[in-house]
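# Residue-level structure breakdown
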Amino acid sequence: MNIIPYTAEHNIFRESLRKFLDKEIVSHVEEWEEAGIVPRSIWKKMGEQGFLGTAVPEEYGGAGCDFLYSVIVGEEMVRANFSGLTASLHSDIIVPYITTFGSEAQKQKYLPGCVTGDIITAVAMTEPNTGSDLAAMKTTAVEDGDDIILNGQKTFISNGINCDLCVVAAKDPACSDPHKAVDLYLVEAGTPGFEKGRQIKKIGWHSQDTSELYFTDCRIPRSNRLGEKGTGFLNLMLKLQQERLVCAIGAMAAAEFMLEITVKYCKERTVFGKPISKFQVNQFAIVEMATEIKLGRTFVDKLIMDHMEGLNVVIETSMAKYWITDMANKVADRCLQLHGGYGYCDEYGISRAWRDIRVTRIFAGTNEIMKVIIARFMGL
Ligand SMILES: Cc1cc2nc3c(=O)[nH]c(=O)nc-3n(C[C@H](O)[C@H](O)[C@H](O)COP(=O)(O)OP(=O)(O)OC[C@H]3O[C@@H](n4cnc5c(N)ncnc54)[C@H](O)[C@@H]3O)c2cc1C
């Protein structure tokens, strides 16, 4: 039931990424989880090997690859049981804002560095009082001659500490339309008035630097606005399909990974004189998970193909985002249970996978918001 026609080139790319992750990442994950951040050097190494910004057009330093290369990177990072280096967020969610809406000058200035790993990106939408209800954001962008002055606070920003370039959503307070008031701005780290705040301690994603960001009279050139004035909210919406799909792909790969390590464990661990996998109750649990995983895989692979064909599947990707992340969370819990006490211990991969999957139901639009969108579409 292969829906995606991966070519030999895709498979070679996957194989080389897998080897890279084994060599350069897997043995360091514990150390980085402890540190709460990954070193910038690993971003550079990823870039040098061609694993960042694969879709960026060749004239800006990328390889102009199809979306399947992004899928492969997303899946393999998850398979390495590692959430610290958010390659998919950088390459497939943030960089596309620049590729699609950026001016020629912005593309030339920033895209090559995004591909080499010299520029780590972040996107700052969420604020302490504004998560799901994005249009209610308070951060302001006020024009002053050829400049824009930003004021406000963002929170929960992935790559918040490591980022060199941040796509910031802010509102023109003079505009009364809450959607048209929003624009996206490129803000470089080190710009006076842009301060990286507290790193947030989290249940999972321990090596992922998530932080607060502050903008205090932060002056940037007006040319740092992404796209025409008043299009920021619309541009965010236009990219939601890929954002939700990327999230669903990650959760899908996580569910598959968790089941794979659990089946192996159940065949090896013996209780009452036989492997755990020989008890029918556990077989049923594994079979149920395998079935749901197959259903999810079939759905998400179909959506990947539709997305690549340029079809509008924003509702279906919203369905996939909520259903697959919910499913993966259930799989995580059942798999941990099948590991018994060892599942609760850090040295077993399932424990990190279990705590890291939880957030997928929250970010990229909460699963409740996905249902709100689907219900609205259904005319309910
Ligand atoms: C680890 C992590 C990384 C993140 N990375 C980023 C990032 O890089 N950039 C960024 O901008 N943001 C990021 N976020 C923020 C994330 O997108 C928000 O947390 C998310 O959008 C939810 O917003 P909130 O936390 O304010 O929750 P709220 O909006 O306050 O929601 C609280 C609860 O109410 C529910 N709810 C809200 N509205 C409705 C409704 N209409 N109907 C029914 N239920 C509703 C929600 O589903 C949720 O259960 C990150 C968050 C985390 C935890």
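Heads up: the structure comes first, above all this text.
Scope of this entry: the structure provided in the associated data block. (Residues numbered from 1 in each chain as written. Predicted model: local features only at pLDDT ≥ 70, side-chain atom pairs only at ≥ 80, totals over all residues. Heavy atoms only, no water.)

## Things to note about the overall build of the protein chain
Along the protein chain, the regular secondary structure elements total twelve helices and ten strands. Computed over C-alpha atoms, the radius of gyration of the protein chain comes to 21 Å, within 12% of the 21 Å expected from 2.2 N^0.38 for 380 residues, which places it in the range of a compact globule. Summarising its shape, the C-alpha atoms of the protein chain cover approximately 80 × 50 × 40 Å along the three principal directions. Within the protein chain, the proportion of its 380 residues that are buried is 53%. Here the analysis covers contacts within the protein chain between residues at least 6 apart in sequence; of these, 75% occur between residues at least 24 apart. Across the protein chain, the mean location of the 41 positive side-chain charges is 5 Å away from that of the 49 negative side-chain charges. (Helix = DSSP H or I, 4+ residues; strand = E, 2+ residues; numbered from the N terminus. Rg over C-alpha atoms; globule rule 2.2 N^0.38 Å. Buried < 20%, exposed > 50% of the residue type's maximum accessible area, 1.4 Å probe, protein only. Contact = heavy atoms within 4.5 Å. Lys, Arg positive; Asp, Glu negative; His and termini not counted. Charge placed at Lys NZ, Arg CZ, Asp CG, Glu CD.)

## Let's talk about the environment of Ala8
The topology assignment puts Ala8 in helix α1 (residues 8-24). Counting along the chain gives 209 residues from Ala8 to Asp217, while the straight-line C-alpha distance between them is 52 Å.

## Let's talk about the state of the cysteines
In this structure the tally under the stated criterion is zero disulfides. The structure places no disulfide on Cys65, whose sulfur is separated from the nearest cysteine sulfur, that of Cys114, by 16 Å. (Disulfide = S-S within 2.5 Å.)

## Quick word on the site of the ligand
The local shell around the ligand holds 17 residues, among which Thr126, Ser132, Phe156, Thr366 and Glu368 are the closest. Backbone polar atom of Val123 to a nitrogen atom of the ligand: 2.8 Å apart, as the coordinates give it. Take Met125: an N or O atom from its main chain is 2.8 Å from an oxygen atom of the ligand. Notes on the ligand: free accessible area 980 Å², of which the protein chains cover 64%. For the shell around the ligand, the elements supplying multiple residues, two or more each, are β1 (121-124), β3 (147-158) and α12 (367-377). Of the residues assigned to the shell around the ligand, the class counts are ten nonpolar, five polar and two charged. (Near = heavy atom within 4 Å. Polar contact = N/O pair within 3.5 Å; in protein donor to acceptor, adjacent residues only side chain to side chain. Areas by Shrake-Rupley, 256 points an atom, 1.4 Å probe, with all protein chains shown as cover. Nonpolar A, V, L, I, M, F, W, Y, C, P; charged D, E, K, R; others polar.)

## Considerations on helix α4 (residues 67-79)
The end-to-end C-alpha distance of α4, which contains 13 residues, comes to 18 Å, matching closely the 18 Å that a straight helix rising 1.5 Å per residue would cover. Of all 13 residues that make up α4, eleven are buried, and the element is covered over most of its length. Looking only at α4, the buried set comprises Phe67, Leu68, Tyr69, Ser70, Val71, Ile72, Val73, Gly74, Glu75, Glu76 and Met77. In this fold, the buried residues of α4 make contact with α1, α3 (40-48), α5 (87-101), α8 (240-268) and α9 (280-308). At the N-terminal end of α4, a side-chain oxygen is found 2.8 Å from the backbone nitrogen of Leu68, two or three residues along, and the residue is Asp66. Immediately beyond the C-terminal end of α4, within one or two residues, lies Asn81, with a positive phi of roughly 60 degrees. (Expected span 1.5 Å × (residues − 1).)

## Description of the nonpolar core
Core analysis: the biggest nonpolar cluster contains 66 residues, and Tyr97, Val167, Met258, Ile304, Ile324 and Val331 have the highest contact counts within it. No other element matches α8, which puts 13 residues into this core. Discounting chain neighbours no more than four positions away, the residues touching Met258 are Ala328, Val331, Ala332, Cys335, Ile350, Ala353, Trp354 and Ile357. Counting 22 residues, the second largest nonpolar core, distinct from the first, contains Ile25, Val38, Phe51 and Val73. (Core = buried A, V, L, I, M, F, W, Y, C linked by side-chain atoms within 4.5 Å.)

## As for a nonpolar patch on the surface
A cluster of nonpolar side chains, namely Phe377, Met378 and Leu380, defines an oily patch on the protein surface of about 420 Å² accessible area. Classification of Met378 by relative accessible area gives exposed; the value is 54%. (Patch = residues over 30% accessible without salt bridge, like charges linked within 9 Å, V, L, I, M, F, W, Y side chains within 5 Å. Salt bridge = Lys/Arg side-chain N within 4 Å of Asp/Glu carboxyl O.)

## Some remarks on empty space enclosed by the protein
Throughout the structure, instances matching the rule amount to one cavity of 30 Å³ or more. Within this model, the largest cavity holds a volume of roughly 30 Å³. Those elements that provide at least two residues to the lining of the largest cavity are α4 and α5. For the lining of the largest cavity, the element with the most residues is α5, which contributes three residues. (1 Å grid on protein atoms, 1.4 Å probe; cavity = no way out; pocket = protein on both sides within 12 Å on 5 of 7 lines; lining within 4 Å. Points joined across faces, edges and corners; volume = space filled by probe spheres on them.)

## Some points on the packing of aromatic side chains
Any two aromatic rings considered together are summarised by their centre-to-centre distance and by the angle between their planes. The full count for this structure, using the stated rule, is nine aromatic pairs. By the ring-pair criterion, three or more aromatic residues cluster together here, those being Phe13, Phe20, Phe51 and Tyr69. One Lys or Arg, Arg14, reaches over the ring of Tyr6 and ends 5.3 Å from the middle of that ring. (Phe/Tyr/Trp six-rings, centres within 6.5 Å; stacked < 30°, edge-to-face > 60°. Lys NZ or Arg CZ within 6 Å of the ring centre and 35° of its normal.)

## Some words on the layout of surface pockets
Considering only enclosed or pocket space, the second largest pocket measures out at about 560 Å³ in volume. Within the residue set of the lining of the second largest pocket, elements represented by two or more residues are α1, α4, α8 and α9. At six residues, α9 tops the list of elements feeding residues into the lining of the second largest pocket. Of the residues in the lining of the second largest pocket, the class split is nine nonpolar, two polar and ten charged.

## What to know about the pattern of salt bridges
Here the structure, examined in full by the defined rule, presents 27 salt bridges. Residues Arg18 and Glu76 are paired through a salt bridge, measuring 2.8 Å at the closest nitrogen-oxygen approach. Of this pair, Arg18 sits in helix α1 while Glu76 sits in helix α4, and the two are 58 residues apart along the sequence. Among the residues examined, Arg18 registers a relative accessible area of 28% and is labelled partly exposed. A residue is classified by how much of its surface remains accessible, and Glu76, at 2% relative accessible area, is buried. Two residues, Arg225 and Glu143, come together in a salt bridge whose shortest N-O distance is 3.6 Å.

Any functional reading would require information that these geometric values do not contain.
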